[in-house]
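Summary of structural features
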Amino acid sequence: MNLDQLIQRVEAARLRRSEHLIVQIVAVTKYTKETEPLRRLYAEGQRAFGENRVQDMEDKVNALSDLPIEWHFIGNLQKNKINKLLKLNPFMIQSINSYELAEAINKRTDKPVRCLLEINSAKEPTKHGLQPELAIETYLKIKENLPNINLQGVMTIGAHVDDETEIRKSFRLTYDIFEKLKPYGAKICSMGMSGDFEIAIEEGSNMIRVGSALLNSYL
Ligand SMILES: *Cc1c(COP(=O)(O)O)cnc(C)c1O
């Protein structure tokens, strides 16, 4: 699926939810080390790119520094990689999965960084992310105590199962948390990947992170 085809599917899905819903697309580029496919995506209008490893992001940020790309960090962030990531000046870190991680980032920067709180909505022990029960109190605690963490909303990875009801349930749980956080400034609900972005949008997602299904057309 190329970018235009993805946009058409996003458009149809968002209208099933609400004509007022605007959905941003983050193109996840972790499947290639080549930069040519990313340049072609950029030429077609794509501006937000996502990476889940600091080293790979660094390579691409450097190779594409001539383009005004928004880089989103979406992977599990180890504390010893925080400085390296901050040097890349990412547009957003989507994967804040504990208060301790937020605290460590807060300490290492003096300029606020846009962040999302990652929620383990499928409650799968193999996944990173905060337990949903802790999400709201953690969000508020970060907001109150960590001035350099500019929390903008939540992120989740949907349940990794075939049962659509289960997937929908994990997105709905995240959207409910997002709704409760809106009075505290939450604006972004990042959910939906190649296999489930339409379900995610139907459940209220306003940012999807699409990798394989999009990249395949450019490799
Ligand atoms: C890889 C990845 C994606 C994109 O996954 P696809 O299924 O290839 O679209 C989205 N979000 C996160 C956090 C990822 O690690």
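Residues numbered from 1 in each chain as written. Predicted model: local features only at pLDDT ≥ 70, side-chain atom pairs only at ≥ 80, totals over all residues. Heavy atoms only, no water.

Test applied: UniProt positions are given in the numbering used here, feature names are shortened, and annotations may be inferred rather than shown by experiment.
The protein appears in an unreviewed UniProt entry as Pyridoxal phosphate homeostasis protein from Nautilia profundicola. In the Cofactor (unreviewed entry) part of its UniProt record, the protein is described as follows: "pyridoxal 5'-phosphate". Regarding the protein, the UniProt comment filed under Sequence similarities (unreviewed entry) reads as follows: "Belongs to the pyridoxal phosphate-binding protein YggS/PROSC family."

**What to know about unusual backbone geometry**
One can expect most non-glycine residues to show negative phi and most peptide bonds to be in trans. What counts is decided by this rule: Numbering of helices and strands starts at the N terminus; helices are DSSP runs of H or I of at least 4 residues and strands are runs of E of at least 2.
The backbone of Asn89 sits at a positive phi, close to 55°, despite the residue not being glycine. Within the fold, Asn89 resides in the loop between helix H4 (82-87) and strand S4 (92-96). Unlike most non-glycine residues, Lys123 shows phi in positive territory, near 50°. Tracing the sequence through the fold places Lys123 in the loop between strand S5 (113-119) and helix H6 (132-145).

**Topic: the pairing of S4**
Note on strand geometry: in a regular strand, side chains alternate between the two faces of the sheet. So the rule is basically this: Exposed residues in this analysis have more than 50% of their type's maximum accessible area, buried residues have under 20%, and partly exposed residues fall in between, with area computed by a 1.4 Å probe over protein chains only. Look down the strands so they point away from you; if going from the first strand over the helix to the second traces a clockwise path, that crossover is right-handed. Each pair of strands is called paired provided DSSP finds at least two bridges between the two strands.
With respect to burial, S4 is a largely interior element, five of its five residues being buried. Between the parallel elements strand S3 (residues 70-73) and S4, the chain passes through H4 in a crossover that is right-handed. For S4 and S5, the ladder comprises two bridges, and the chain directions are parallel. Looking across to S5, one finds that Ile96 is bridged to Leu117. Handedness of the S4-helix H5 (residues 99-108)-S5 crossover: right-handed.

**What to know about the UniProt feature "modified residue: N6-(pyridoxal phosphate)lysine" (unreviewed entry) in the protein**
The following threshold applies: Whether two residues are in contact is decided by their heavy atoms, any of which lying within 4.5 Å being enough.
Per the UniProt annotation, the sites labelled "modified residue: N6-(pyridoxal phosphate)lysine" (unreviewed entry) are Lys30. Mapped onto the elements, Lys30 comes out in the loop between strand S1 (24-28) and helix H2 (36-43). Since its relative accessible area comes to 35%, Lys30 is described here as partly exposed. When sequence neighbours within four positions are dropped, the list of residues in contact with Lys30 reads Gly50, Glu51, Asn52 and Lys60.

**Concerning the nonpolar core**
This is how the line gets drawn: As used in this record, nonpolar core signifies buried Ala, Val, Leu, Ile, Met, Phe, Trp, Tyr and Cys residues forming a set joined through side-chain atoms within 4.5 Å.
Leu6, Ile96, Ile105, Ile142 and Ile208 are the most contacted members of the largest nonpolar core, which totals 63 residues. Top contributing element to this core by residue count: helix H7 (residues 164-181), with six residues. Excluding residues that lie within four positions of it along the chain, Ile105 makes contacts with Leu77, Ile82, Leu86, Ile93, Ile96 and Ile149. One finds Ala48, Met92, Ile188 and Met207 within the second-largest nonpolar core, a separate group that totals seven residues.

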